[in-house]
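Take a look at the letters that make up each chain.
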Amino acid sequence: MADAAPQIPVTVLTGYLGSGKTTLLNRILSETHGKRFAVIVNEFGEVGIDNDLIVDVDEEIFEMNNGCICCTVRGDLIRVIAGLMRRSRGFDGIVIETTGLADPAPVAQTFFVDEDVRRKTKLDAIITVADARHVLEQIGRAPEAQEQLAFADIVLVNKVDLVDAGGLATVERRIQKINPYAKIHRTERCDIDLAQILGRDAFNLERILEVEPAFLSEAHEHEHDDGIGSISLVADRPMKPGRFVSWIQDVTQRYGTDILRMKGIASMEDDDRRFVVQGVHMLIEGGSQRPWKEQEPRQTRLVFIGRDLPKDLLRQGFEACYA
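Residues numbered from 1 in each chain as written. Predicted model: local features only at pLDDT ≥ 70, side-chain atom pairs only at ≥ 80, totals over all residues. Heavy atoms only, no water.

Details of the overall build of the protein
Consideration 1: Along the protein, the regular secondary structure elements total eleven helices and twelve strands.
Consideration 2: Counting the 323 residues in the protein, one finds 54% classified as buried.
Consideration 3: Considering only contacts within the protein whose residues lie at least 6 apart along the sequence, 75% involve residues at least 24 apart.
Consideration 4: As displayed, the protein has an accessible area near 14400 Å², and 46% of this comes from carbon and sulfur atoms. (Helix = DSSP H or I, 4+ residues; strand = E, 2+ residues; numbered from the N terminus. Buried < 20%, exposed > 50% of the residue type's maximum accessible area, 1.4 Å probe, protein only. Contact = heavy atoms within 4.5 Å. Areas by Shrake-Rupley, 256 points an atom, 1.4 Å probe, with all protein chains shown as cover.)

Spelled out as structure tokens, the structure:
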């Protein structure tokens, strides 16, 4: 019966140093919503500070301060979540706040690689908080700032009161060049309706496609001077299943360190169901989902977000999968 219990949603809060992550966490913990959250806070260094900055609430707070979360997270996070699941008092959700210098990938990967974690929890969204005043400078000098934006399902452009309208538009265009598929919200002191960021199932590609069928429909590349960008591949022809799956596996093995996020939906030859695939670095998951609807265009749409991607090779390999 325990295995049949609903999965607990997990929200990952990330963002560069000083962006406002702890402010957002405090809002989540202190607003009246009737839900109970377990909180996992990561710090870089042996002495915890962020834990003392979190509001005094009736929540479980766990510190992992034995190094940057992107280096140590997988084993520690699995152990903490396993401990949470054994507690008699349940949780409505888990919030993980990463250090400002963390790559969110290993956090997301945890929900791919550990079967027990996958069975009991689900990654609801990666939320990145960006400092509207400083994010352009941070993108220019810090790879972590780019990666945090590239992984995001939701971006809060925070401290908008410190930037004029023109500057804010420039910031949002730059973020969209890095990650054209993240939902952007403007905030001041991370003041946002929590229903806009919690319980969105935003990491679930199938759910997003149900709500926004055109989510992956952009058929152009995003050229810019950042190291991180995206490429969208679209085809009206079905794919050869074996060839497509082999190609995806090969691409992720060859270029996985540079592929931050990959997501797509494929029309397979002789299959009336949509094939949905997504991945983080070298870890991918995919499978046939619901049947194509009668009026739904049977397109294959695949998106890669990553660093210095071999766009011509990706396009050639994609086209070689045509049935």
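Concerning the packing of aromatic side chains
Consideration 1: As enumerated under the stated definition, the model contains five aromatic pairs in all.
Consideration 2: Centroid distance Trp247 to Phe304: 6.2 Å. Interplanar angle 85°. Geometry classified as edge-to-face. In this pair, Trp247 sits in helix α10 (residues 241-255) while Phe304 sits in strand β12 (residues 300-307), placing the two residues 57 residues apart along the sequence.
Consideration 3: Given a relative accessible area of 10%, Trp247 falls into the buried group.
Consideration 4: Judged by its relative accessible area of 0%, Phe304 is buried.
Consideration 5: Here the aromatic rings of Phe318 and Tyr322 are separated by 5.9 Å at their centres, their planes lie at 80°, and the arrangement is edge-to-face.
Consideration 6: In this structure an aromatic cluster arises from ring pairing among Phe244, Trp247, Phe275, Phe304, Phe318 and Tyr322.
Consideration 7: Taking the ring centre of Trp292 as reference, the NZ or CZ of Arg274 above it sits at 6.0 Å. (Phe/Tyr/Trp six-rings, centres within 6.5 Å; stacked < 30°, edge-to-face > 60°. Lys NZ or Arg CZ within 6 Å of the ring centre and 35° of its normal.)

What about the confidence of the model for the protein?
Consideration 1: Of the residues in the protein, 85% reach a pLDDT of 70 or more, and the chain-wide mean stands at 82.
Consideration 2: The secondary structure element of the protein with the lowest average pLDDT is helix α2 (residues 50-53), at 39, and the one with the highest is strand β6 (residues 154-158), at 97.
Consideration 3: A low-confidence stretch, residues 219-225 (pLDDT under 50), is modelled with 16 contacts involving residues beyond four sequence positions or located in other chains. (pLDDT = per-residue confidence, 0-100.)

Here's the deal with the packing of α10 against helix α11 (residues 311-319)
Consideration 1: Remark: α10 packs on α11, axes separated minimally by 10 Å, with the N-to-C direction vectors making an angle of 160°. Put simply, α10 runs roughly antiparallel to α11. The two elements α10 and α11 cross, and the hand of that crossing is right-handed. Together, Trp247, Val251 and Tyr255 of α10 and Leu313, Leu314, Gly317 and Phe318 of α11 make up the contact between the two elements.
Consideration 2: In terms of residue class, the contact of α10 with α11 is built from six nonpolar, one polar and no charged. (Axes fitted to C-alpha atoms, helices over the stretch in contact; angles between N-to-C directions. Parallel < 35°, antiparallel > 145°, perpendicular 65-115°, else oblique. Left-handed = near helix turned anticlockwise from the far one by under 90°. Nonpolar A, V, L, I, M, F, W, Y, C, P; charged D, E, K, R; others polar.)

Observations concerning helix α7 (residues 143-151)
Consideration 1: Most of α7 sits out of view: seven of its nine residues are buried.
Consideration 2: What α7 keeps buried is the set Ala145, Gln146, Glu147, Gln148, Leu149, Ala150 and Phe151.

Details of the sheet that holds β12
Consideration 1: A sheet is described by the order of its strands in space; here five strands give the open sequence β8-β12-β9-β10-β11, paired in antiparallel fashion. Every interior strand has two partners, whereas the edge strands, β8 (228-235) and β11 (283-291), have only one. Sheet twist, expressed as the average angle between the axes of neighbouring strands with direction ignored, equals 10°.
Consideration 2: Sheet topology note: the strand β10 (residues 273-280)/β11 ladder contains seven bridges and is antiparallel. Across the sheet, the residue bridging to Val280 is Leu283, located in β11.
Consideration 3: Lying on the sheet, α11 is in contact with β8 and β12; it crosses β8 at an angle near 20°. (Pairing = 2+ DSSP bridges.)

Here we look at the pattern of salt bridges
Two side chains with opposite charge may pair up if their charged atoms get near one another.
Consideration 1: With the rule as written, the count across this model stands at 18 salt bridges.
Consideration 2: With its nearest N and O atoms 4.0 Å apart, the salt bridge here joins Lys122 to Asp201. Of the two residues, Lys122 is situated in strand β5 (residues 121-131) and Asp201 in the loop between β7 (183-186) and α9 (205-211); the sequence distance between them amounts to 79 residues.
Consideration 3: Among the residues examined, Lys122 registers a relative accessible area of 30% and is labelled partly exposed. (Salt bridge = Lys/Arg side-chain N within 4 Å of Asp/Glu carboxyl O.)

Some details on the nonpolar core
Consideration 1: One finds Ile94, Ile96, Phe111, Leu149, Val155, Val157 and Leu216 to be the most contacted residues of the largest nonpolar core, which totals 52 residues.
Consideration 2: Take this core: its biggest share by element is five residues, from helix α4 (residues 105-113).
Consideration 3: Judged by nonpolar contacts, the second largest core, of 21 residues, contains Ile231, Phe244, Leu314 and Cys321. (Core = buried A, V, L, I, M, F, W, Y, C linked by side-chain atoms within 4.5 Å.)

Overview of the pairing of β8
Consideration 1: Burial runs high along β8: seven of the eight residues are buried.
Consideration 2: Here β8 pairs with β12 via eight bridges, running antiparallel. What sits directly across from Ser232, in β12, is Val303.

With respect to the side chain of Thr121
Consideration 1: Topologically, Thr121 is positioned in strand β5.
Consideration 2: For Thr121, a relative accessible area of 2% translates into the label buried.
Consideration 3: There is a polar contact of 2.7 Å between the side chain of Thr121 and the backbone oxygen of Val117.
Consideration 4: Leave out the neighbours within four places in its chain, and Thr121 touches Gln7, Ile8, Val10, Ile81, Met85, Ile94 and Phe111. (Polar contact = N/O pair within 3.5 Å; in protein donor to acceptor, adjacent residues only side chain to side chain.)

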